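Below, each chain spelled out in residue letters.
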Amino acid sequence: MENVKKFRLDFIDVIRAFAICMMLEGHFIDSLLAPEYRDENNLFYATWHYIRGMTAPVFFTVSGFIFTYLLIKEQNPAKMGWNHVRVQKGVRRGINLIIIAYLLRANIFNLFTPGYTDMNVRRVDVLHCIGLSLLFLIAFYLLTYRRKNRLRMSIMLLGTTFVAFFFEPIYSHLTYEYLPMALANYFTKENGSVFTIFPWFGYASLGGFMGFLFYKNRENPHLYRNMIIWYILLGVILITFPYWMGKIADTLQIHSLQLIAHGDYLIKRIGNVLLFFALFMILRHVITSPTLQKIGQNTLSIYVIHYIILYGSFTGMGLYRYFHDQLTPWQAIIGAILFVIVTILITFLYMRKEALIDEKIDFIKAKIYQFLRRIGAIFVKQKS
């Protein structure tokens, strides 16, 4: 049997490392490459564009995988439900991700503009959805943890994935005008949101189901062999989904099936994700770089730093402001490589000083808290 901890480090972290690097170069090129070079008929651009589309699905799937695997790994009967350490950490993590996501879209200079409303802050992005996805996974766990076998949770996870992806062409046309914009942005892209919780939670629930299967079969000596075979078979089936589902829909003349067949990109992405996982499982004994593992374990820090450099969080002064849609292909390629390297180096520097930085932040927070307490005490004294 392969060591479970080794599986966690050498397999998942390497996948996350490759995914975060793909995201860095993808955001850089997509933001700065001049429009005249975005030609889908160009083999190189079309290939890059297709591969870039795998980044977010992989992130959501891995996030669901890791969280669910660690969640169901806990066997202490005295610490189940709300007392589960992973539940408490997960709630804090999910809320923190959502808060960080809103802060990254904020511009402090807009605070001093009278009557200005920054619509960009209200838009939902990948961190919002990942944070909310973690909270949903916790909800699934809390609804099912009292049962001795966790089959019901796995059914809920797989069922959610099925509904989120196969019916996306149908529910994506729904309007949410009756909801406040800040809430509606989690369900529709009409107001500029980049991601919406559905269908993207489907990838997290898929990852949760995969994590459940890995944990259930963790003692199987042929775990990886079996999973690789199944992932490759299912991956090929799902990538060719539009062809055979279209044939079935046209033969049966069922309009809803035709809609599902034509809204194929999400289902094809599941196939891509499964093949991506299969590839890294095959290479798990080959790609064992500690540096890659370290990158994979610090994706949030990398994401935040890249967002500040590229999009100018808090100040509005990022690369996007000065070079948006201006670079040639070679400038974009060289710039993307440098961007990835610089962002990771800054992240590693931050990690080395993280304890000191956290200490300074805690000191500032304590001072602010003391100041607010004094203001409150003065206010109460004056009122009395």
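Residues numbered from 1 in each chain as written. Predicted model: local features only at pLDDT ≥ 70, side-chain atom pairs only at ≥ 80, totals over all residues. Heavy atoms only, no water.

Comments concerning the packing of helix 4 (residues 85-104) against helix 16 (residues 299-311)
Phase 1: As a packed pair, helix 4 and helix 16 sit with axes 11 Å apart at the nearest point and diverge in direction by 10°. Between helix 4 and helix 16, the crossing angle belongs to the class labelled roughly parallel. Every residue of helix 16 that contacts helix 4 at Arg93, Leu97, Ile100 and Leu104 is listed here: Leu300, Tyr303, Val304, Tyr307 and Ile308. (Axes fitted to C-alpha atoms, helices over the stretch in contact; angles between N-to-C directions. Helix = DSSP H or I, 4+ residues; strand = E, 2+ residues; numbered from the N terminus. Parallel < 35°, antiparallel > 145°, perpendicular 65-115°, else oblique. Contact = heavy atoms within 4.5 Å.)

Remarks on the layout of surface pockets
Phase 1: For the largest pocket, the calculated volume is near 1400 Å³.
Phase 2: The wall of the largest pocket is formed by 49 residues, among which Phe59, Val126, Leu127, Ile130 and Tyr303 lie closest to the centre.
Phase 3: Listing elements by their share of the lining of the largest pocket, those giving two or more residues are helix 1 (4-32), helix 2 (43-52), helix 3 (55-73), helix 4, helix 6 (126-144), helix 14 (265-282) and helix 16. (1 Å grid on protein atoms, 1.4 Å probe; cavity = no way out; pocket = protein on both sides within 12 Å on 5 of 7 lines; lining within 4 Å. Points joined across faces, edges and corners; volume = space filled by probe spheres on them.)

Focus: the packing of helix 10 (residues 197-216) against helix 11 (residues 223-239)
Phase 1: Between helix 10 and helix 11, the least distance of the axes is 11 Å, while the angle of their chain directions is 150°. Looking at the two axes, helix 10 sits roughly antiparallel to helix 11. As for the relative orientation of helix 10 and helix 11, their crossing is right-handed in sense. Together, Met210, Leu213 and Phe214 of helix 10 and Leu223, Tyr224, Met227 and Tyr231 of helix 11 make up the contact between the two elements.
Phase 2: Per-class residue counts for the contact of helix 10 with helix 11 are seven nonpolar, no polar and no charged. (Left-handed = near helix turned anticlockwise from the far one by under 90°. Nonpolar A, V, L, I, M, F, W, Y, C, P; charged D, E, K, R; others polar.)

Quick look at the nonpolar core
Soluble globular proteins tend to bury their nonpolar side chains together.
Phase 1: Membership of the largest hydrophobic core comes to 96 residues, with the highest contact counts inside it found for Phe214, Tyr231, Phe277 and Met281.
Phase 2: With 13 residues, the single largest contributor to this core is helix 1.
Phase 3: Ignoring anything within four residues of it in the chain, the contact list for methionine 281 reads Phe11, Phe214, Tyr224, Met227, Ile228 and Tyr231. (Core = buried A, V, L, I, M, F, W, Y, C linked by side-chain atoms within 4.5 Å. Buried < 20%, exposed > 50% of the residue type's maximum accessible area, 1.4 Å probe, protein only.)

Brief notes about a nonpolar patch on the surface
Phase 1: There is a patch of nonpolar side chains on the surface, built from Trp330, Ile333, Ile334, Ile337, Leu338, Ile341 and Leu345 and spanning about 740 Å² of accessible area.
Phase 2: Within the secondary structure, tryptophan 330 is located in helix 18 (residues 329-352). (Patch = residues over 30% accessible without salt bridge, like charges linked within 9 Å, V, L, I, M, F, W, Y side chains within 5 Å. Areas by Shrake-Rupley, 256 points an atom, 1.4 Å probe, with all protein chains shown as cover. Salt bridge = Lys/Arg side-chain N within 4 Å of Asp/Glu carboxyl O.)

A few points about unusual backbone geometry
Phase 1: For the bond running from phenylalanine 198 to proline 199, omega is 15°, close enough to zero to count as cis.
Phase 2: Note that proline 199 resides in helix 10.

What about helix 6?
Phase 1: With 19 residues, helix 6 should cover 27 Å at 1.5 Å per step; its first-to-last C-alpha distance of 27 Å lies within 8% of that length.
Phase 2: In terms of burial, helix 6 is largely enclosed, as 14 of its 19 residues are buried. (Expected span 1.5 Å × (residues − 1).)

Thoughts on the environment of alanine 332
Phase 1: Secondary-structure assignment places alanine 332 in helix 18.
Phase 2: A sequence separation of 300 residues divides alanine 332 from leucine 32, and the C-alpha atoms of the two residues are 7.0 Å apart.
Phase 3: In this structure alanine 332 touches Phe28, Ile29, Leu33 and Leu327, once residues within four positions along its chain are discounted.

Observations regarding the packing of aromatic side chains
Phase 1: Inspection of the entire model under this criterion finds 28 aromatic pairs.
Phase 2: Aromatic side chains phenylalanine 11 and phenylalanine 277 sit 5.9 Å apart centroid to centroid with 85° between the ring planes, which places their arrangement in the edge-to-face category. Taken together, the residues phenylalanine 11 in helix 1 and phenylalanine 277 in helix 14 connect sequence positions 266 residues apart. No difference in accessibility class separates phenylalanine 11 from phenylalanine 277, as the two residues are buried.
Phase 3: Here the aromatic rings of phenylalanine 140 and phenylalanine 201 are separated by 5.9 Å at their centres, their planes lie at 75°, and the arrangement is edge-to-face. Of this pair, phenylalanine 140 sits in helix 6 while phenylalanine 201 sits in helix 10, and the two are 61 residues apart along the sequence. Each of the two residues, phenylalanine 140 as well as phenylalanine 201, counts as buried. (Phe/Tyr/Trp six-rings, centres within 6.5 Å; stacked < 30°, edge-to-face > 60°.)

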